[in-house]
Amino acid sequence: SPPAWATLVQVEHLASPSDRAREVAVKVLFDNLFFQAPFLTCYFVVTGFLEGLSPAAVYHKTQTNFHAAWAYGVLLWAPLQTANFWFVPVGLQPLAVNIVNVFWKVRLSSISTASRLHL
């Protein structure tokens with residue numbers, strides 16, 4: 001039997017490179033459309049309530065920050081996830097995402113703080 005580490009470097013082989021490109025494109029599209037929007041909404045709502053804001057202020061903060069955060073998210077995560085899904089072995093993909101996620105949370109925090117200064 002192969003060593004345990006060998007399972008981390010196995011790459012799925014599809015019928016052709018165009019199949020692989022289509023798979024990666026669909027994963028990136030779904031990630032940006034169906035994960036980012038709910039995540040960003042939850043992020044701004046939870047941080048707003050943790051800051052002690054009223055429901056109306058949380059709604060305003062979320063409405064104000066959402067589009068800028070989503071635009072930054074698409075600019076960051078679309079190329080990153082494309083490279084991640086294309087080149088990084090499946091077992092290491094969460095590690096790659098979590099490393100970048102540290103910096104993404106800093107950016108979200110700066111967006112959130114900037115809007116609070118303007119309230």
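Residues numbered from 1 in each chain as written. Predicted model: local features only at pLDDT ≥ 70, side-chain atom pairs only at ≥ 80, totals over all residues. Heavy atoms only, no water.

(A) Quick look at the environment of Y43. You can see Y43 is positioned in helix α1 (residues 17–50). Sequence-wise, Y43 and T62 are 19 residues apart; in three dimensions their C-alpha atoms are separated by 8.7 Å. In contact with Y43, not counting residues within four places along its chain, are K105, L108 and S109. (Helix = DSSP H or I, 4+ residues; strand = E, 2+ residues; numbered from the N terminus. Contact = heavy atoms within 4.5 Å.)

(B) View of the packing of α1 against helix α2 (residues 55–87). Direction vectors running N to C along α1 and α2 enclose 155°, while the axes themselves pass 7 Å from each other. By the angle class used here, α1 and α2 are roughly antiparallel. Handedness of the α1/α2 crossing: right-handed. Considered class by class, the residues forming the contact of α1 with α2 number 20 nonpolar, 10 polar and 4 charged. (Axes fitted to C-alpha atoms, helices over the stretch in contact; angles between N-to-C directions. Parallel < 35°, antiparallel > 145°, perpendicular 65-115°, else oblique. Left-handed = near helix turned anticlockwise from the far one by under 90°. Nonpolar A, V, L, I, M, F, W, Y, C, P; charged D, E, K, R; others polar.)

(C) Seen up close, the pattern of salt bridges. With the rule as written, the count across this model stands at 4 salt bridges. The partner of E23 in a salt bridge is R20, with the nearest N and O atoms 2.9 Å apart. Taken together, the residues E23 and R20, both in helix α1 and 3 residues apart, mark about one turn of the helix. Both residues of the pair, E23 and R20, count as buried. Here E51 makes a salt bridge to K61, at a shortest N to O gap of 3.1 Å. (Salt bridge = Lys/Arg side-chain N within 4 Å of Asp/Glu carboxyl O. Buried < 20%, exposed > 50% of the residue type's maximum accessible area, 1.4 Å probe, protein only.)

(D) Structural detail: the nonpolar core. With 11 residues, the main nonpolar core is built from A37, L40, Y43, F44, F66, A69, W77, V100, W104, L108 and I111. Elements that contribute at least two residues to this core include exactly α1, α2 and α3 (93–117). (Core = buried A, V, L, I, M, F, W, Y, C linked by side-chain atoms within 4.5 Å.)

(E) Broad picture of the environment of E51. Mapped onto the fold, E51 is located in the loop between α1 and α2. We classify E51 as partly exposed; its relative accessible area is 32%. Within the structure, the side chain of E51 is placed 3.1 Å from the side chain of K61, a separation counted as a polar contact. (Polar contact = N/O pair within 3.5 Å; in protein donor to acceptor, adjacent residues only side chain to side chain.)

(F) A look at α1. Taking 1.5 Å per residue as the helical rise, α1 with its 34 residues ought to reach 50 Å, and the 47 Å between its terminal C-alpha atoms agrees with that figure. Maximum bend of α1: about 35°, positioned at Q36, with proline P38 one to four residues after it. G52 sits one or two residues past α1 and shows a positive phi near 85°. (Expected span 1.5 Å × (residues − 1). Bend = angle between axes of the 7 residues up to and from the residue.)

(G) Geometry of a nonpolar patch on the surface. A cluster of nonpolar side chains, contributed by V26, L29, F30, L33 and F34, occupies part of the molecular surface with about 480 Å² of accessible area. In this fold, L29 is placed in helix α1. Judged by relative accessible area, which is 46%, L29 ranks as partly exposed. (Patch = residues over 30% accessible without salt bridge, like charges linked within 9 Å, V, L, I, M, F, W, Y side chains within 5 Å. Areas by Shrake-Rupley, 256 points an atom, 1.4 Å probe, with all protein chains shown as cover.)

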